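# Commentary on secondary and tertiary structure
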Amino acid sequence: MFVDADRSERFDSAFEYARREVSAADGARTLIARLESYDVAVAIQAASLLRVQDPAAFEETIRALVPSAAPHVARGLTAYLQAWTESQALRPDRPLNGR
């Protein structure tokens, strides 16, 4: 069973919501505002998409956005950044910027 909060009559994953919002946003600051109406899971998925879009600036972008983000969005962005950083630290064959 699922709650059809957006009345789309179908299940949409956190990744799908994030993909739509990242695509629709006119820049990272706009995205942060758009993410306020979603939960932490969507913010985490949005962070993953931001990393793919610009791996070299990812960490700097997230750190710049967190202070102005709603608390639940900031938690999601920070959680993804921390998990990404930890995973890369375990892979000495790959640089931290994801390239």
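Residues numbered from 1 in each chain as written. Predicted model: local features only at pLDDT ≥ 70, side-chain atom pairs only at ≥ 80, totals over all residues. Heavy atoms only, no water.

As a further point, take the environment of Tyr80. Tracing the backbone through its elements, the reader meets Tyr80 in helix α5 (residues 71-89). Among the residues examined, Tyr80 registers a relative accessible area of 14% and is labelled buried. As for Tyr80 and Ala43, which are separated by 37 residues in sequence, their C-alpha atoms are 8.7 Å apart. (Helix = DSSP H or I, 4+ residues; strand = E, 2+ residues; numbered from the N terminus. Buried < 20%, exposed > 50% of the residue type's maximum accessible area, 1.4 Å probe, protein only.)

Turning to α5, a few remarks are in order. Here α5 spans 27 Å end to end across 19 residues, near enough to the 27 Å set by a 1.5 Å rise per residue. For α5, every residue scored as buried is listed here: His72, Val73, Ala74, Gly76, Leu77, Tyr80, Leu81, Trp84 and Gln88. Here the buried face of α5 lies against α2 (28-35), α3 (40-53) and α4 (58-65). (Expected span 1.5 Å × (residues − 1). Contact = heavy atoms within 4.5 Å.)

What follows is about the pattern of salt bridges. Counted according to the given criterion, the structure contains four salt bridges. A salt bridge links Glu16 to Arg20; its shortest N-O distance comes to 3.9 Å. On the criterion of helical spacing, the pair formed by Glu16 and Arg20 is a turn pair, its members being four residues apart in helix α1 (residues 14-24). The residue Glu59 makes a salt bridge to Arg63 at a minimum N-O spacing of 2.9 Å. In this pair, Glu59 and Arg63 both sit in helix α4, four residues apart, roughly one turn of the helix. The class for Glu59 is partly exposed, based on a relative accessible area of 34%. Three or more residues are tied together by salt bridges with common partners; here these are Glu16, Arg19 and Arg20. (Salt bridge = Lys/Arg side-chain N within 4 Å of Asp/Glu carboxyl O.)

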